[in-house]
Amino acid sequence: MQTDNRLFDDLVKMVNGAAGTFAGVAREAEAGARERAREWIGGLDFVARDEFEAVKAMAAAARDEADALKARLDALEAKLGAAGPMETPQGNA
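My aim in this report is to walk through the structure given alongside it, one point at a time.

It is worth spelling out the overall build of the protein chain at this point. A count of helical and extended segments in the protein chain gives two helices and zero strands. In the protein chain, buried positions account for 0% of the 93 residues. About 8800 Å² of surface is accessible on the protein chain, with carbon and sulfur atoms providing 61% of the total.

As structure tokens, then:
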């Protein structure tokens, strides 16, 4: 019976060793895949998050300014429309 226990003990040690080896191989493969992905993505023209946020803020500011200018232009056009047609200077008619 002691022989059976020794056989099982050896089998368990072998399986534990194989599991540890497989786990190490999996970690190495994952690290290699991550490094290759970083190299591949690094070669593409992606922008960083902070650069994206800065450009997004600039676009929002430009949009707000365009809206304000449009409102100002509409107000000026309404004011001109209420004043009636403009008189032409003499000599140009």
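On the surface, a cluster of nonpolar side chains totalling about 410 Å² of accessible area is made up of Phe8, Leu11, Met14 and Val15. Along the chain, Met14 turns up in helix H1 (residues 2-42).

All chains considered together, the criterion is met by three salt bridges. Of the charged contacts, one joins Glu53 and Arg49 as a salt bridge, the two residues approaching to 3.6 Å between their closest N and O atoms. Taken together, the residues Glu53 and Arg49, both in helix H2 (residues 49-83) and four residues apart, mark about one turn of the helix. By relative accessible area, Glu53 is classed as partly exposed at 34%. The salt bridge partner of Asp74 is Lys70, with a shortest N-O separation of 3.2 Å. Highlighted residues: Asp74 and Lys70, both in helix H2, separated by four residues, approximately one helical turn. Judged by relative accessible area, which is 36%, Asp74 ranks as partly exposed.

Calculation criteria
Residues numbered from 1 in each chain as written. Predicted model: local features only at pLDDT ≥ 70, side-chain atom pairs only at ≥ 80, totals over all residues. Heavy atoms only, no water. Helix = DSSP H or I, 4+ residues; strand = E, 2+ residues; numbered from the N terminus. Buried < 20%, exposed > 50% of the residue type's maximum accessible area, 1.4 Å probe, protein only. Areas by Shrake-Rupley, 256 points an atom, 1.4 Å probe, with all protein chains shown as cover. Patch = residues over 30% accessible without salt bridge, like charges linked within 9 Å, V, L, I, M, F, W, Y side chains within 5 Å. Salt bridge = Lys/Arg side-chain N within 4 Å of Asp/Glu carboxyl O.

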